[in-house]
Amino acid sequence: MTTGRLAGKVAVITGAARGIGRAQALRFAQEGAEIIGIDLCGPVDTVVVPPSTHDDLAETAAQVRAVGGRMVTAVADVRERELLRTAIDSGIREYGGLDIVCATAGITSRGLAAELPEETWRTMLDVNLTGVFHTCQVTAPHLIARGGGAMILVSSIAGLQGLVGVAHYTAAKHGVVGLMRSLANELAPHRVRVNTVHPTNVDTPLIQNDAVRSAFRPDLDRPPTREEFAESARSMNMIDVPWVEPVDVANACLFLASDEARYITAVTLPVDAGSTQRQRK
């Protein structure tokens, strides 16, 4: 018999090809969950970060199988609700139900608000807010049919405070918090819990690229090295680390998904090394 904190549970994870989504898939599988992993596996206009690939998603599935877990995968864009619904419904038919939803898929880009192109603004909200809404909307009936469950929406420290140079990202991540609070009220009668997690910088391709590194080190006339980026990134956090690891976020999500958090709903949980509470000098 499979034992673990999520034994017998089925989890949908968007953005499962790499980063936080991959870490969620692996940790949840280690705790007994069966995984439905969704990812775009391709580029998004206005985003310069190298995209995830089909090979990335296959690697996540391989890692899940390596720890004795089961995972089905599908390629879908969270902006396309009906395609997303088709992909998720296919996985649910495979496993017979749904208990946990992790809305993790997201993008990053930069630009001062006064200079931000309309397309960049719209794409950010389409992916990071509307995509989360689509994920929740198409999965909620399955959680209700199951008699309860958990939704974990990945926001950011930018969902709790204003950050410079990413107004569109900040607006979307604040929007995710508002969506969570409304859903928590709407779904509570069905014993569906809804919460957000708020990471500081996470060591994934979304920050480990020339565009983001350069934004942290405008004093340099070339893309910073990882070490030079780390030196600057440390200043964001209370604990002396430049960033957290994907597994740190996945562990927080695991707690919220488990029965250990059975009466926790409508909370904003920072995984931020103290960033949101750090006293600025």
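Residues numbered from 1 in each chain as written. Predicted model: local features only at pLDDT ≥ 70, side-chain atom pairs only at ≥ 80, totals over all residues. Heavy atoms only, no water.

1. Side note on the domain arrangement of the chain
Consideration 1: In terms of domains, the chain is made up of domain 1 (10-203 + 245-270) and domain 2 (208-242).
Consideration 2: On a C-alpha basis, the centres of domain 1 and domain 2 stand 26 Å from each other.
Consideration 3: Facing the eight residues of domain 1 at the interface are ten residues of domain 2.
Consideration 4: For the pair domain 1 and domain 2, the summed buried area comes to about 710 Å², and 57% of that belongs to carbon and sulfur atoms.
Consideration 5: When the area that domain 1 buries against domain 2 is broken down by residue, the three leading residues are R110, N201 and D203, summing to 59%. (Domains from an automatic or database assignment. Contact = heavy atoms within 4.5 Å. Buried area = accessible area lost by both parts, 1.4 Å probe.)

2. Looking at the packing of helix 3 (residues 81-95) against helix 4 (residues 118-146)
A pair of packed helices can be characterised by two numbers: the angle between their axes and the separation between those axes.
Consideration 1: In contact at an axis separation of 9 Å, helix 3 and helix 4 are set at 35° when each is read in the N-to-C sense. Crossing angle aside, the handedness with which helix 3 passes helix 4 is right-handed. Every residue of helix 4 that contacts helix 3 at R81, L84, R85, I88, D89 and I92 is listed here: H134, T135, Q137, V138, T139 and H142.
Consideration 2: Across the contact of helix 3 with helix 4, the residue classes tally to four nonpolar, five polar and three charged. (Axes fitted to C-alpha atoms, helices over the stretch in contact; angles between N-to-C directions. Helix = DSSP H or I, 4+ residues; strand = E, 2+ residues; numbered from the N terminus. Left-handed = near helix turned anticlockwise from the far one by under 90°. Nonpolar A, V, L, I, M, F, W, Y, C, P; charged D, E, K, R; others polar.)

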